[in-house]
Amino acid sequence: MSGVRLATAALAVAIVSVAGPAAAQAQNYPTRPVTIVVPAAPGGTADFTARLLSEGLTKAFGVQVLVENKSGASGNLGNTAVARAAPDGYTLLLAYSGFQVTNPALYANLAWDPLKSFAPVALAIVAPHVVLTRKNLPARTLAEFVAYAKRQPGKINYASSGLGSIQNIGAEQLSLLSDIKMVHVPYRGAGPAMNDLIAGTVDLFITTPPSAVGHIQAGTVNALAMASKTRHPMLPQVPTTAEAGLPGFELDAWFAVYASAGTPAPVIARLTGAIERLVKSDNFRERAEGAGAYARYMTPAELGKFTETELEYWTAVIRKAGITGELQ
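Residues numbered from 1 in each chain as written. Predicted model: local features only at pLDDT ≥ 70, side-chain atom pairs only at ≥ 80, totals over all residues. Heavy atoms only, no water.

A. A look at the side chain of S160. Relative to the assigned elements, S160 resides in strand 6 (residues 156–160). For S160, a relative accessible area of 0% corresponds to the buried category. Looking at S160, its side chain comes within polar contact range of the side chain of H184, at 2.7 Å. The contacts of S160, once residues within four sequence positions are left out, are S165, Q167, N168, H184, V185, P186, Y187, A193 and F205. (Helix = DSSP H or I, 4+ residues; strand = E, 2+ residues; numbered from the N terminus. Buried < 20%, exposed > 50% of the residue type's maximum accessible area, 1.4 Å probe, protein only. Polar contact = N/O pair within 3.5 Å; in protein donor to acceptor, adjacent residues only side chain to side chain. Contact = heavy atoms within 4.5 Å.)

B. Representation of the packing of helix 7 (residues 166–178) against helix 12 (residues 300–321) in the model. Put simply, helix 7 and helix 12 touch, their axes get as near as 11 Å, and they point 50° apart. Relative to helix 12, helix 7 is oriented oblique. As for the relative orientation of helix 7 and helix 12, their crossing is left-handed in sense. Judged by residue contacts, I166, I169, Q173 and L176 of helix 7 engage W314, V317, I318 and A321 from helix 12. (Axes fitted to C-alpha atoms, helices over the stretch in contact; angles between N-to-C directions. Parallel < 35°, antiparallel > 145°, perpendicular 65-115°, else oblique. Left-handed = near helix turned anticlockwise from the far one by under 90°.)

C. Representation of helix 3 (residues 76–83) in the model. Regarding helix 3, the residues found buried are N76, G78, N79, T80 and V82. Tucked inside the fold, the buried residues of helix 3 contact strand 1 (34–38), strand 3 (91–96), helix 4 (97–100), helix 5 (103–106), strand 4 (118–128) and strand 10 (252–260).

D. Representation of the packing of aromatic side chains within the structure. Applying the stated criterion across every chain yields a total of eight aromatic pairs. The interplanar angle of 70° and the centroid separation of 6.1 Å between the aromatic rings of Y29 and F61 together place this pair among those described as edge-to-face. Placement of Y29 in the loop between helix 1 (2–27) and strand 1 and of F61 in helix 2 (residues 45–61) is noted, with a sequence separation of 32 residues between them. Exposure remark for Y29: the relative accessible area of 1% places this residue in the buried category. (Phe/Tyr/Trp six-rings, centres within 6.5 Å; stacked < 30°, edge-to-face > 60°.)

E. Seen up close, the nonpolar core. L53, L94 and F145 are the most contacted members of the largest nonpolar core, which has 88 residues in total. Per element, the largest residue contribution to this core is nine residues, and it comes from strand 4. Excluding anything up to four places from it in sequence, F145 contacts T133, L137, A139, I156, I180, M182, L204 and L224. If you look at the next biggest cluster of nonpolar residues, it comprises 18 residues, including L132, A159, A223 and L235. (Core = buried A, V, L, I, M, F, W, Y, C linked by side-chain atoms within 4.5 Å.)

F. Just the environment of F249, in detail. Within the secondary structure, F249 sits in the loop between strand 9 (221–226) and strand 10. On a C-alpha basis, the gap between F249 and G170 in space is 8.3 Å, while along the polypeptide they are 79 residues apart.

G. Geometry of the pairing of strand 9. Burial analysis of strand 9 places six of its six residues in the buried class, which makes it a mostly covered element. Bridge count between strand 5 (residues 130–134) and strand 9: five bridges; the pairing is antiparallel. Counterpart to T133 in the pairing with strand 9 is N222. (Pairing = 2+ DSSP bridges.)

Read these as spatial facts, not as claims about activity.
Written out as structure tokens, the structure reads:
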């Protein structure tokens, strides 16, 4: 019996020696800089959200939390980088719903899967969309824009942050609902698209308020309508699409944090706990609302279920609209 006990004790020591350091490392996370990958260019709501989180998490963890913009291929470059990263919590994805739950229906051979490649961490921000036009377009309301576009079919163009993005899908929905024809001009993020709208290079851009509020208030772009059920507190003068004569056209975006699949549960717990405290803080909420978005937290389990639901919904929308993607 003594030999059996000795063997059992030795096995227990062996298990602790293997699992102990890994568990301790997860509990002590993070011990070095963390990178949040944004699959879009600087200047958009994804970038805004990542930098808000970066600032708060750096203070919470006592280590630098960096933001890396990895735009291109309609978000697929950034998503692929995180999907292939070591599952240790040191490389995170700030996911934009316009890529996360639409690209799988648009591209046949993605190097990542929205459900299998990532571990949900937390939802952080939700934002409606606002329909914008260049300031010198001869249409000041949504009804006037539709009438203007109908007079010159195929001559009006619109920008998006990438082929297959929610902005692309939303603009195609707008075209179908209002019976107009527009030409799509894809960009590598909301920032460059907004710059060209301001410059007058493109006619229309549907985007989230954080990247638009300042420009609307400055008068460099014209806001036609909020694609939402209610007016936005930062843009009370902008009517909803229903008020503007196009009921049923609503478009919301969300921004969430994911880790690589296989990231240890204690690391996910540390991350989501810190993000929950941050997102529910007055400072985060006020800064989000000041930029035109809403702070909204979801647990990993809630975000996982939400991702599945959104994936199903947008897949159906994309197929109905007949939209296809093409890697750039």
